[in-house]
Amino acid sequence: MDKKLSSTAEKYLRELNDYLHKLPRDEREDSVNEIRSHIEEGLRKGYEEQVIFKNLGKPSDLASSFIWGGYLKRNSSNPLAILGKIGFYFSASFISMFVIPIFTTLSIGFAVSSLLAVFGGLARTFGANWANMSWFGMEVPRLLSFPVSLLVGMPLMLLAWGSWFFLINYMKYLTTKHRRIRFR
């Protein structure tokens, strides 16, 4: 292209280059030049810069796709890498077959139980006869139903949050481990 790219486009390409620091220099330069040509082509066709950047996505996301694609190309024929990947995916999928459903069920179950406990205590406080409440074998007075239900509901909600937190961090661990598999 005859025109120089704008400072915004140059900044985008610098950020992309920074995120590509894990790649060898020649691959990094090729990747940045490829995106530069996409930007130039889009501008030649009359697209606004913001539209081009929106279609390309964030530099960090774009860099991840280049890094992962390069990794697959470099390691696709190495037998040890293939065996290592098989081992990781087999163990991760086997363990996940139990961990994910169990902790999903626990987090949803604890959250629903917490809400039901608080709702039941509130309903009993305002005269609902169908809601019975006892604490250590003793009938809870109607006026104390809501505070007691909060005492029961809050730990249940903490258990729900803890189960969900564990599940999310387990999934992040798998994703990070998946991206970092390296065998030489």
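All values derive from a computational prediction rather than experimental measurement. (Residues numbered from 1 in each chain as written. Predicted model: local features only at pLDDT ≥ 70, side-chain atom pairs only at ≥ 80, totals over all residues. Heavy atoms only, no water.)

Draft legend 1. Layout of the packing of aromatic side chains. The final tally for this structure, using the stated rule, is 7 aromatic pairs. Geometrically, the ring pair formed by tyrosine 12 and phenylalanine 53 is stacked, given 4.9 Å between the ring centres and 20° between the ring planes. Highlighted residues: tyrosine 12 in helix α1 (residues 7-19) and phenylalanine 53 in helix α3 (residues 49-56), separated in sequence by 41 residues. Among the residues examined, phenylalanine 53 registers a relative accessible area of 10% and is labelled buried. Where phenylalanine 103 meets phenylalanine 166, the ring centres are 4.4 Å apart and the plane angle is 40°; that geometry is what we call tilted. Pair noted here: phenylalanine 103 is in helix α5 (residues 79-125) and phenylalanine 166 is in helix α6 (residues 145-180), with a separation of 63 residues, a long-range link. Residue phenylalanine 166 is classed as partly exposed on the basis of its relative accessible area, which comes to 38%. (Phe/Tyr/Trp six-rings, centres within 6.5 Å; stacked < 30°, edge-to-face > 60°. Helix = DSSP H or I, 4+ residues; strand = E, 2+ residues; numbered from the N terminus. Buried < 20%, exposed > 50% of the residue type's maximum accessible area, 1.4 Å probe, protein only.)

Draft legend 2. Summary view of helix α2 (residues 25-44). With 20 residues, α2 should cover 28 Å at 1.5 Å per step; its first-to-last C-alpha distance of 28 Å lies within 8% of that length. Within α2, the full set of buried residues consists of Arg28, Ser31, Val32, Ile35, Ile39, Glu40 and Gly42. (Expected span 1.5 Å × (residues − 1).)

This is a description of form; function is not addressed.
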